[in-house]
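What follows is each chain in one-letter form.
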Amino acid sequence: YVVVERYSGKVTILHGELHKGEHVESKKERIRNLFKKYRANFCIVDPSNVGSTIYKDLLSEGYPVLEGPFYARERKQMLVNLQMIMQPDKHGKSVLVIPANPSDPETKHFAERLVDELIGFRKSKTKTNVETYLSTAKHDDTVAALILACKVTSDQKEFVDMVAI
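All figures in this text were calculated on a predicted structure; none of them were measured in a lab. The numbers attached to residues start from 1 for each chain and follow its sequence in the written order. It should be noted that, the model being predicted, local features are given only for residues of pLDDT at least 70 and side-chain atom pairs only at 80 or more, the latter also being counted only at that level, while totals for whole chains, interfaces and linings use all residues. The side-chain numbers reported here are obtained from all heavy atoms of the structure, hydrogens and water having been left aside.

## Points about the pattern of salt bridges
Inference 1: When a carboxyl oxygen of Asp or Glu is within 4 Å of a side-chain nitrogen of Lys or Arg, the pair counts as a salt bridge. Using the criterion set out here, one finds 7 salt bridges in the structure.
Inference 2: A salt bridge links Arg32 to Glu29; the nearest nitrogen and oxygen atoms lie 3.0 Å apart. Of the two residues, Arg32 and Glu29 are both situated in helix H1 (residues 24–38); the distance of 3 residues between them amounts to about one turn of the helix.
Inference 3: Accessibility expressed as a relative area gives 17% for Arg32, which makes it buried.
Inference 4: A simple rule labels every residue: compare its accessible area, found with a 1.4 Å probe on the protein chains alone, to the largest value its type can have, and call it buried under 20%, exposed over 50%, or partly exposed in between. By relative accessible area, Glu29 is classed as partly exposed at 38%.
Inference 5: A salt bridge links Arg113 to Glu117; the shortest N-O distance between them is 2.7 Å. With Arg113 and Glu117 both in helix H4 (residues 105–119) and 4 residues apart, this pair spans about one turn of that helix.
Inference 6: On the basis of relative accessible area, Glu117 is assigned to the buried category, the value being 2%.
Inference 7: A network of salt bridges, in which partner residues are shared, links Glu25, Lys28 and Asp57. Runs of H or I in DSSP of at least four residues are treated as helices and runs of E of at least two as strands, each being numbered from the N terminus.

Written out as structure tokens, the structure reads:
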């Protein structure tokens, strides 16, 4: 799960946490709690696997949920978008702010995992010679959630908080 805020030209990770193997009901409850805690405007869900069930259920409950497909074509476009957001400007500052508070073990662990996953992405070519990105990291869930959230915040013209899984 990743919660981001877009404000004053910056995309800041407000919250990130790692969970694997949770049941669908637990995931939906966690999203509801994050929505409430951060007063998010949207939730973006990868529709593959259990995401489609979560999307349908939360939408039927009235949550503003968006589908964020993470298939090869979209994945490449969103990785390029994330890469652009992470590029430093002339002052050495990036649009993306990744907090890594050393006194907060959960935040520090999340930031370390995010960096490990980001480093694991490599450019590759498909059999038809189309450029793509593949992850060589053990996992890419954290980056996937961040990519989905950053894609939607990039599309927004004003302040938006978002929960993404």
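Okay, back to it.
## Focus on the packing of aromatic side chains
Geometrically, a pair of aromatic rings is defined through the distance of the ring centres and the angle of the planes.
Inference 1: The pairing test for Phe, Tyr and Trp rings, Trp by its six-membered ring, is centres within 6.5 Å, and the orientation test on the planes gives stacked under 30 degrees, edge-to-face over 60, and tilted for anything in between. What the rule picks out here adds up to 1 aromatic pair.
Inference 2: Considering the side-chain rings of Phe35 and Tyr63, the 5.1 Å spacing of their centres and the 70 degrees angle between planes classify their relative orientation as edge-to-face. Placement of Phe35 in helix H1 and of Tyr63 in the loop between helix H2 (51–60) and strand E4 (65–67) is noted, with a sequence separation of 28 residues between them.
Inference 3: On the basis of relative accessibility, which here comes to 9%, the residue Phe35 falls in the buried class.

## Considering the packing of H1 against H2
Inference 1: Axis geometry follows a simple rule: fit a line to the C-alpha atoms, using only the stretch in contact for helices, then measure angles between N-to-C directions, giving values from 0 to 180 degrees. In the contact formed by H1 and H2, the axes pass within 10 Å of each other and the chain directions differ by 50 degrees. One finds that H1 runs oblique with respect to H2. Considering only the axes of H1 and H2, their crossing is right-handed. Residues Val24, Lys27, Lys28, Ile31 and Arg32 of H1 form the contact with H2, whose participating residues are Thr53, Ile54, Asp57 and Leu58. To sort the angles, those under 35 degrees are grouped as roughly parallel, those over 145 as roughly antiparallel, those from 65 to 115 as roughly perpendicular, and the leftovers as oblique. Left-handed describes a crossing whose near helix is turned anticlockwise from the far helix through less than a right angle; right-handed describes the clockwise counterpart. Residues are treated as being in contact if the distance between any of their heavy atoms lies within 4.5 Å.

## What about the pairing of strand E7 (residues 131–135)?
Inference 1: Note: two strands are recorded as paired if DSSP finds a minimum of 2 bridges between them. In this structure, strand E6 (residues 121–125) lies alongside E7, joined through 5 bridges in antiparallel fashion. Each bridged residue has a counterpart across the sheet, and for Arg122 the counterpart in E7 is Leu134.
Inference 2: Taken together, E6 and the strand that follows it, E7, pair antiparallel across an intervening segment of 5 residues, in which Asn129 is found at a positive phi of about 70 degrees.

## What about the nonpolar core?
Inference 1: Only buried Ala, Val, Leu, Ile, Met, Phe, Trp, Tyr and Cys residues count toward a nonpolar core, and they belong to the same one when joined by side-chain atoms within 4.5 Å. With 25 residues, the main nonpolar core has Ile13, Leu82, Leu96, Val143 and Leu146 as its most contacted residues.
Inference 2: Elements represented by at least two residues in this core include exactly strand E1 (2–7), strand E2 (10–16), helix H3 (72–86), H4 and helix H5 (141–155).
Inference 3: If we skip the residues at most four places from it in the chain, Leu146 touches Val2, Val4, Ile13, Leu82, Leu96 and Leu114.
Inference 4: Val3, Ala40, Val45 and Tyr55 belong to the second largest nonpolar core, which has 13 residues in total.

## Here we look at the pairing of E2
Inference 1: Pairing of E1 with E2, which is carried by 6 bridges, proceeds in the antiparallel orientation. Looking across to E2, one finds that Glu5 is bridged to Thr12.
Inference 2: Hairpin connection of E1 to E2: 2 residues between the antiparallel strands, including Ser8 at a positive phi of 55 degrees.
Inference 3: For E2 and strand E5 (residues 96–97), the ladder comprises 2 bridges, and the chain directions are parallel. Pairing of Val11 across the sheet is with Leu96, part of E5.

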